[in-house]
Amino acid sequence: LHYNIGSTLYKLERYAEAQEAFAACARDPAWAALARYNMGLAAYQQGRRAEAAEYFAQTWRHTDEAKLAALAQTMLERIDPMAPWYPRGILSLSTGYDSNLVLSDQTRTAPATGQSDLFTELLASTGARLGSGSGAPRWEAAMYDLRYLDLKDYNITEILLGLDAPWRFGAWQSTAGGQWRYILRDGGAFQQVVTLKTGTSREWTGNRALHFGLRYDRIESIDNNYQFLDGRKLEAGASAAQPAGAGWMHYGVTVERHNREDLVVGGEFFSYSPSRAALWLKGSWPLGARWRLEPSARYRHSRYADEDRRASGIVLTREDNEWQAGLQARYRLTIAWQLTGEYTYSSSRSNFDEYSYTRHQVSIGVMRPL
């Protein structure tokens, strides 16, 4: 009934009322994908292109009907070919320069090396539902590879496999599942990480969205030289998204608690178990028909669980304050392929001088959604 009312109002060009009727229809999971597609059409007719693009992207992600997915993709390409939608996966290849190598949170043994190098970066991911219907579980697979020209000790390769299942509770759309990551450093087995995660989201009036997430990581070192990184990590986060002019603004908070084995060398002790809190925001705005700009910023504070004890006699609990600002620009080469350019500035100030650093990263590459 809601769908028929929405269709009638749409034909009468009463688009705002039609969108409300389709929104009521979307509360039924069996009708959600088709209703969101029509909500996109109604928003498009009212000139709200960013809102329409989000509805079409949601349709693309959640429908099991090839025809409806093709219609949603056609509308996405028509109104905003640069919209950041990656419904089934992504392929990305880039090259760049890093002024101060920093390994990832999972693999790093020090926050910075003080050395610079050129690098190449490859990311490929894919996924699909196991069965039909909006409640079917979904599998994912990804491969990430980071290689440096000279400093090959810091090359990282990660393989990821995951599975999650969705369910709906009232207006909240939730998922729960797990991941397994296998990490190589300089071609040798380094770590494996088992993750359990859950999240829930809901949409509000004005096309705003709210999300809560929780994840648990169990980290195990395969290379015995890095067993001090073994342990657990618990992370919780909350984020929101809302239209901002012709684009979008995303912002949130993340907290982490690490419980690692830590490092004892002779009479010295080094803590690798931080508690962290971060604030972040990211925007996304079109600039003409082919360009899109995506600025971002983050502040993170870290305090470690135990006092470091150094041979010099220093006994002090480590604290770090990290700032990061970046800008990514994307240019549409074809309907599928995009050219990307990115600059990121990072700065960390610690009460231990060796953990204070400044870092610049510049990269250029190509990517396409799958």
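Note: the structure precedes this text.
Attention in this report is confined to the structure presented alongside it. (Residues numbered from 1 in each chain as written. Predicted model: local features only at pLDDT ≥ 70, side-chain atom pairs only at ≥ 80, totals over all residues. Heavy atoms only, no water.)

Concerning the pairing of strand β8 (residues 231-244)
Argument step 1. Inspection of the sheet shows strand β7 (residues 208-221) paired to β8 by 11 bridges, in the antiparallel sense. In the strand pairing of β8, H211 is matched with S239.
Argument step 2. With 14 bridges joining them, β8 and strand β9 (residues 247-260) adopt antiparallel strand pairing. Bridging across to β9, Q242 finds its partner in M249.
Argument step 3. Taken together, β8 and the strand that follows it, β9, pair antiparallel across an intervening segment of two residues, in which G245 is found at a positive phi of about 65 degrees. (Pairing = 2+ DSSP bridges. Helix = DSSP H or I, 4+ residues; strand = E, 2+ residues; numbered from the N terminus.)

A look at the environment of G266
Argument step 1. Mapped onto the fold, G266 is located in the loop between β10 (263-265) and β11 (268-270).
Argument step 2. Under the relative-accessibility criterion, G266 is labelled exposed at 72%.
Argument step 3. Spatially, the C-alpha atoms of G266 and R310 are 10.0 Å apart, while their sequence positions differ by 44 residues. (Buried < 20%, exposed > 50% of the residue type's maximum accessible area, 1.4 Å probe, protein only.)

Considerations on the pattern of salt bridges
Where side chains of opposite charge bring their charged atoms close, a pairing between them can arise.
Argument step 1. All chains considered together, the criterion is met by 16 salt bridges.
Argument step 2. Salt-bridge contacts for R147 lead to D145; the nearest nitrogen and oxygen are separated by 2.9 Å.
Argument step 3. Taking the relative accessible area as the measure of exposure, D145 reaches 12% and is therefore buried.
Argument step 4. Measuring nitrogen to oxygen at the nearest pair gives 3.8 Å for the salt bridge that ties K282 to E294. Within this pair, whereas K282 is found in strand β12 (residues 274-287), its partner E294 is found in strand β13 (residues 291-309), the two being separated by 12 residues in sequence.
Argument step 5. The partly exposed category is assigned to K282, whose relative accessible area is 37%. (Salt bridge = Lys/Arg side-chain N within 4 Å of Asp/Glu carboxyl O.)

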